[in-house]
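Residue-level structure breakdown
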Amino acid sequence: MTTTVSNLESEGLPDPTGHPDEMDRGKVEGKSPTRLAIERFRKDRLSMVSFIIVALYILGGILAPFLVKFGLLDPTSYHQDLLNEFTLPEGPLGGISWKHPLGVEPGTGRDVMSRVWLGTTLSLTIALIASLLAMAIGTVLGIIAGFTGGLTDGVIGRLIDLTLSFPSTLMLLALSAPMYALLTKNFHVPEGDLAWATYVVVFLAIFGWPPIARLIRGQVLSIREREFVHAATLFGASRFRMYFKEILPNLWAPLLVSFTLLLPAYISAEAALSYLGVSIKPPTPTLGNVLRDSLNYAEFDFVYFFSPAFAIALIVVCFNLLGDGLRDALDPKSNR
Amino acid sequence: MTFEEYVPGAADDHEPATMADMLTVAGNAAAVAPVGAAPILEVDKLRMYFPVKSPGLLRRTVGHVQAVDGVSFQVVEGGSLGLVGESGCGKSTTGRLITRLYTPTSGAIRFQGEDIAHAKARQLKPLRRDIQMIFQDPYTSLNPRHTVGAIIGAPLAIHKILPKKQILPRVQELLEIVGLNPEHYNRYPHEFSGGQRQRIGIARSLTLQPKLLVADEPVSALDVSIQAQVVNLLQDIQREFGVAFLFIAHDLAVVRHFCPEVAVMYLGKIVEIGDRDSIYNNAHHPYTQALLSAVPDVRQAATGGRRERIRLEGDVPSPIDPPSGCRFRTRCPIAQEICARHEPPLLQIGQRHKVACHFPGRLGEAPREPLTSGLLGVDREGRPDPGASPSTDLVEQPGFADTWFDLDKKTIGRV
Ligand SMILES: Nc1ncnc2c1ncn2[C@@H]1O[C@H](COP(=O)(O)OP(=O)(O)OP(=O)(O)O)[C@@H](O)[C@H]1O
Ligand code: SF4
Ligand SMILES: [Mg+2]
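Per chain, the residues get numbers from 1 upward, laid out in the order the sequence is written. Chain labels run from A onward and ligand labels from 1 onward, assigned in the order the entries are written. Totals for whole chains, interfaces and linings use all residues, but because this is a predicted model, local features are given only for residues with pLDDT of at least 70 and pairs of side-chain atoms are given and counted only at 80 or more. Side-chain descriptors were evaluated using all non-hydrogen atoms of the structure, hydrogens and water having been removed beforehand.

**Considerations on the overall build of chain B**
When helices and strands are counted, chain B shows 13 helices and 14 strands. To sort residues, take the accessible area from a 1.4 Å probe on protein chains only and compare it with the maximum for the residue type: under 20% means buried, over 50% means exposed, and anything in between is partly exposed. Counting the 415 residues in chain B, one finds 53% classified as buried. Long-range contacts, defined as pairs at least 24 residues apart, comprise 63% of the intrachain contacts of chain B with a sequence gap of at least 6. Note on areas: these come from Shrake-Rupley sampling with a 1.4 Å probe, and a residue is covered only by the protein chains present in the view. Summing over all exposed atoms, chain B offers an accessible surface of approximately 18,400 Å²; the carbon and sulfur share of this is 51%. In this description a helix means any DSSP run of H or I spanning at least four residues, a strand means any run of E spanning at least two, and both kinds are numbered starting from the N terminus. The contact definition used throughout considers only heavy atoms, calling two residues in contact when any of these lie within 4.5 Å.

**Remarks on the pattern of salt bridges**
Think of a salt bridge as a Lys or Arg side-chain nitrogen and an Asp or Glu carboxyl oxygen that are within 4 Å of each other. Applying the stated criterion across every chain yields a total of 22 salt bridges over all chains. The partner of Glu246(A) in a salt bridge is Arg241(A), and the shortest N-O contact between them spans 3.0 Å. As far as the burial class goes, Glu246(A) and Arg241(A) line up, both buried. One network of salt bridges, in which partners are shared, links Arg47(B), Asp69(B), Lys269(B), Arg327(B) and Glu343(B).

**As for the side chain of Arg110(A)**
All names here are of chain A. When you line up the elements, Arg 110 lands in the loop between helix H4 (45–69) and helix H5 (112–148). A residue is classified by how much of its surface remains accessible, and Arg 110, at 10% relative accessible area, is buried. The contacts of Arg 110, once residues within four sequence positions are left out, are Pro 75, Thr 76, Ser 77, Tyr 78, His 79, Gly 103, Val 104, Glu 105, Arg 115 and Pro 283.

**Some thoughts on the packing of H5(A) against helix H13 (residues 302–330) of chain A**
Residues and elements named next belong to chain A. The axes used here are C-alpha line fits, helices contributing only the stretch in contact, and every angle between their N-to-C directions lies in the interval 0 to 180 degrees. Orientation of H5 relative to H13, taken along the N-to-C sense of each, is 35°, at an axis distance of 10 Å. The element H5 and its partner H13 pack so that their crossing is right-handed. Of the residues in H13, those touching H5 at Val 112, Val 116 and Leu 124 are Tyr 304, Ser 307, Pro 308, Ala 311 and Phe 319. Throughout this entry, Asp, Glu, Lys and Arg are counted as charged residues, while Ala, Val, Leu, Ile, Met, Phe, Trp, Tyr, Cys and Pro are counted as nonpolar. The remaining residues, Gly among them, count as polar. By residue class, the composition of the contact of H5 with H13 is seven nonpolar, one polar and no charged. Two helices cross in a left-handed way if the nearer one is turned anticlockwise from the farther one by less than a right angle. They cross in a right-handed way if the turn is clockwise.

**Describing the environment of Gly194(B)**
Mapped onto the fold, Gly194(B) is located in helix H6 (residues 194–206). Residues Gly194(B) and Phe50(B), 144 residues apart in the sequence, show an inter-C-alpha distance of 31 Å.

**Quick notes on a nonpolar patch on the surface**
Only residues above 30% relative accessible area that lack a salt bridge enter a patch, with like-charged residues linked at up to 9 Å and the nonpolar side chains Val, Leu, Ile, Met, Phe, Trp and Tyr linked at up to 5 Å. The grouping of Phe51(A), Ile52(A), Leu56(A), Ile58(A), Leu59(A), Ile62(A), Leu63(A), Phe66(A), Phe70(A) and Leu72(A) at the surface amounts to a nonpolar patch, some 1,000 Å² of accessible area in total. Along the polypeptide, Leu59(A) turns up in helix H4.

**Section: the site of ligand 1**
Residue and element names in this part refer to chain B. Around ligand 1 sit 15 residues, and of these Ser 87, Gly 88, Lys 91, Ser 92 and Thr 93 come closest. Within the backbone of Gly 88, an N or O atom sits 2.7 Å from an oxygen atom of ligand 1. Here a polar contact is taken to be a pair of N or O atoms separated by no more than 3.5 Å, where protein atoms must pair a possible hydrogen donor with a possible acceptor and residues adjacent in sequence count only if both atoms sit in side chains. Cys 89 places a main-chain nitrogen or oxygen 3.2 Å from an oxygen atom of ligand 1. The protein chains hide 65% of the 630 Å² of surface that ligand 1 would expose on its own. Of all the elements in the fold, those that place two or more residues in the shell around ligand 1 are strand E2 (61–76) and helix H2 (91–98). Nearness is judged by heavy atoms alone; a residue qualifies as near a molecule or strand once a single heavy atom is within 4 Å of it.

**Considerations on the sheet that holds strand E8 (residues 244–249) of chain B**
Residues and elements named next belong to chain B. Between any two strands, pairing holds if DSSP finds at least two bridges. Taken in spatial order, the eight strands make up an open sheet running E6-E7-E8-E3-E9-E10-E12-E11, and their pairing is mixed. Looking at strand neighbours, the two that pair on one side only are strand E6 (131–134) and strand E11 (347–350), the edges of this open sheet. Strand-to-strand twist in this sheet, taken as the mean axis angle between neighbours without regard to direction, amounts to 20°. Pairing of E6 with strand E7 (residues 212–216) involves four bridges; the strand directions are parallel. Its bridge partner lying in E7, Ile 131 is registered against Leu 212. Relative to E6, H6 is tilted by about 180°, and along the sheet it contacts E6 and E7.

**Things to note about unusual backbone geometry**
For residues other than glycine, phi is negative in most cases, and the peptide bonds are mostly trans. One non-glycine residue, Gln209(B), adopts positive backbone phi at about 50°. Here Gln209(B) lies in the loop between H6 and E7.

**A look at the packing of aromatic side chains**
Aromatic rings in a pair are described by how distant their centres are and how their planes are angled relative to each other. A pair of aromatic rings is counted whenever rings of Phe, Tyr or Trp (Trp by its six-membered ring) have centres within 6.5 Å, and the orientation is called stacked for planes under 30 degrees apart, edge-to-face for over 60 and tilted otherwise. Throughout the structure, instances matching the rule amount to 16 aromatic pairs over all chains. Taken together, a centroid distance of 6.2 Å and an interplanar angle of 85° make the contact between Tyr243(A) and Phe244(A) edge-to-face. What makes Tyr243(A) buried here is its relative accessible area of 9%. Seen in terms of ring centroids, Phe247(B) and Phe258(B) are 4.9 Å apart; in terms of plane orientation they differ by 45°. Their pairing is tilted. Highlighted residues: Phe247(B) in strand E8 and Phe258(B) in helix H8 (residues 252–258), separated in sequence by 11 residues. In this structure, Phe247(B) and Phe258(B) share a single accessibility class: buried. Feature note: the residues Phe166(A), Tyr180(A), Trp196(A), Tyr199(A), Phe203(A) and Phe207(A) constitute an aromatic cluster, connected by ring pairs.

**Overview of the nonpolar core**
Residues Leu251(A) and Phe319(A) are the most contacted members of the largest nonpolar core, which totals 69 residues. At 14 residues, helix H8 (residues 193–223) of chain A tops the list of elements feeding residues into this core. The term nonpolar core refers to a set of buried residues drawn from Ala, Val, Leu, Ile, Met, Phe, Trp, Tyr and Cys, joined through side-chain atoms within 4.5 Å. In terms of nonpolar packing, the next biggest core, distinct from the first, is built from 62 residues, Ile152(B), Ala203(B), Leu252(B) and Leu407(B) among them.

**Points about the site of ligand 2**
Every one of the 13 residues lining ligand 2 counts as a neighbour, but Cys326(B), Cys332(B), Cys339(B), Cys357(B) and His358(B) are closest to it. For the shell around ligand 2, the class distribution of residues is 10 nonpolar, two polar and one charged.

**Things to note about helix H10 (residues 239–247) of chain A**
Every buried residue of H10(A) is accounted for by Arg241(A), Met242(A), Tyr243(A), Glu246(A) and Ile247(A). Here the buried face of H10(A) lies against H5, H8 and helix H9 (227–234) of chain A together with helix H4 (148–158) of chain B.

**A word on the sheet that holds strand E4 (residues 106–111) of chain B**
Residue and element names in this part refer to chain B. Spatial strand order, E2-E1-E4-E5: four strands in an open sheet with antiparallel pairing. The open sheet has two edge strands with one neighbour each: E2 and strand E5 (114–115). The sheet contact formed by E4 and E5 spans two bridges and is antiparallel. Bridging from a neighbouring strand, Arg 110 pairs with Asp 115 of E5.

**Section: the confidence of the model for chain A**
Per-residue confidence from the prediction method is given by pLDDT, with values spanning 0 to 100. In this model, chain A carries a mean pLDDT of 81, and residues with pLDDT of at least 70 account for 87%. Taken as a whole, residues 1–29 of chain A scores under 50 in pLDDT and shows 49 contacts with residues more than four places along the chain or in a different chain.

**A closer look at the packing of helix H7 (residues 168–185) of chain A against H8(A)**
All names here are of chain A. Packing of H7 against H8 brings their axes to within 10 Å, and their N-to-C directions diverge by 135°. Between H7 and H8, the interaxial angle falls into the category oblique. As H7 packs across H8, the resulting crossing turns out to be right-handed. Touching Ser 168, Met 171, Leu 172, Leu 175, Ser 176, Met 179, Tyr 180, Leu 183 and Thr 184 of H7 are Ala 195, Trp 196, Thr 198, Tyr 199, Phe 203 and Phe 207, all from H8. Partitioning the contact of H7 with H8 into residue classes produces 11 nonpolar, four polar and no charged. Oblique is the label for every angle not falling under 35 degrees (roughly parallel), over 145 degrees (roughly antiparallel), or within 65 to 115 degrees (roughly perpendicular).

**Looking at the environment of Ala117(B)**
All names here are of chain B. Among the structural elements, Ala 117 can be located in the loop between E5 and helix H3 (121–128). A residue is classified by how much of its surface remains accessible, and Ala 117, at 0% relative accessible area, is buried. Residues Ala 117 and Thr 99, spaced 18 residues apart in sequence, show a C-alpha to C-alpha distance of 9.6 Å. Other than its neighbours up to four places away in sequence, Ala 117 contacts Arg 100, Thr 103, Pro 104, Gly 107, Ala 108 and Ile 109.

Below, the structure written as structure tokens:
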């Protein structure tokens, strides 16, 4: 675009056509809702701290595979030489040293920090993909239900009820073997970690979308009464345009909030599933299967015992605080 | 006030006090009806009943909101009709029926002779170019997530009227027409004031070059000082582009300059309709007279020298369960027995003047006897009169007939 005039430039110029009294008023009202939300968020200390920790986790998660590649993290090498005759780490605090800041694993001598760090990457990735999928399904169905109403709304409503009434955890356990077989044989997903990850992601998404759909449906019910939606109908907007160009951009605030609340729920869920043995299997580390192993050493090696549990708790709590902070900042009326 | 009566400079002596004053200050003469123009829109016995559902699983229909109940009127090409009434009387619903945001329960909407009341989505698409709407609330009528350029340009892109490259110049042209800086196309709605947003909405409604604009209280959300500017803009647009207007308002002051013809609605029905002179100087319905008494500079003429405002007792009844007979009777100062028994037909009492009342008359001059009893075949209390036979040609029509019943001369009037 060649004729773009930045806001800063044109702000200072006298307005040739505008009406002076209206122009002044325009400036007073000029702060966008987004700006105001960011300002409110910045003032909230706890949310800012959570935001920074979450950001560090994500950065660390992205870096981990590269650190493994360059040999800075090593989650698989055994260090039997660092273990004593009871196969517990030698030295105090689980064998903490410069090379192994969180000590080594009892029994194998693998580096604890490497395992927790890489485990975080894998767990975050699974939770992230699953929540994006659940958000996508929930958002599309929620918009359609809320906007169309009538029979479609009824059908989607019943589908939500049905999904919520399934005993999902039991089904997850019961279906793990046949679904794993189906994925690897019929869908040609490579056996092992990838197939397990796919199973968990799909399962979490399929049982996770209903609350999102409900929330979005409620929001759309109020948005569709706004006059800009009528205006869009009048200039002949297609269904697709209505859903994704007119309505969706007005949903990003509730979507962002539910995303930051769904993600930690999925991190915990994935950990629980690894613990139950239906997610990625050892020796590949995930937060869940590192945790499962560490729980055996409550008495003998508390650094090892605490490391994965703390890693999970911190990210879950911070994501939840971040979600709450975002909700308060974006919708000041909803102060609980 | 006509253009001749406007004295330049006279208005500078004092602060503009009313809508009418401000409109004259800005130099716009009152609009006159195009002579002999054909109707572009004919609305015939239009009804909109919204079902009221019971709560719970079964959601049975337990009643209907009779939002619009048998409304008929005409808008001529390039003309403008004002639709006036209190909140909740069904004005917006009427507007949304005409723009086919809603599908009417019954009745006809003839646009350029073609009935569009039950047209399907595909048939509506070409029609959307011809009938557009200006909305009441400038804060919800623009999508807050789109730039002004995207908002105004969207209709062009959707109807593929212009190639992509020519959309921006057209958007800028439209911004200029409505009095905004054409360089502001990439700003967001929140960067503008209420009046400027309404101008953006007006620009959007003009993009498809419509033949009919439904303006749903286009200025009632704005400051009084800005109202006049926006009404003037609409008047310029009408003059320049020859667009016909259905101008919805909740008081008679706003439409006075704009609309050569005005319809007054009460609880889903038109109670009085006529040209400017019939409504503002010769109102025959007690409800119109009450509305007029709230307009400062016509109060004196309309209330026969009395200066006080006519205050209506009580609230507007619910449109779910409207009063029997005349819907205005619960608040009417001159209601009598017949009013509860029979609904008054909309009678033509002048060349361009119809009124729906059993006792039509200028303020303080209402007749003693119901004028409609003979037509309805009832006695003065509204009981069936064995001696009289009801008239068969009480069918309401959208336009005006060539003959009417002249109340003053008690004769049949002719063109
Ligand atoms: N979608 C709907 N469903 C049910 N009832 C409705 C609906 N839209 C309007 N109504 C009812 O119909 C009646 C007329 O409403 P409408 O919005 O047409 O009034 P209005 O004259 O435009 O009033 P206002 O001046 O407040 O805009 C009201 O009683 C309203 O509650
Ligand atoms: S018909 Fe009766 S109640 Fe209705 S306006 Fe006329 S006098 Fe009043
Ligand atoms: Mg309205």
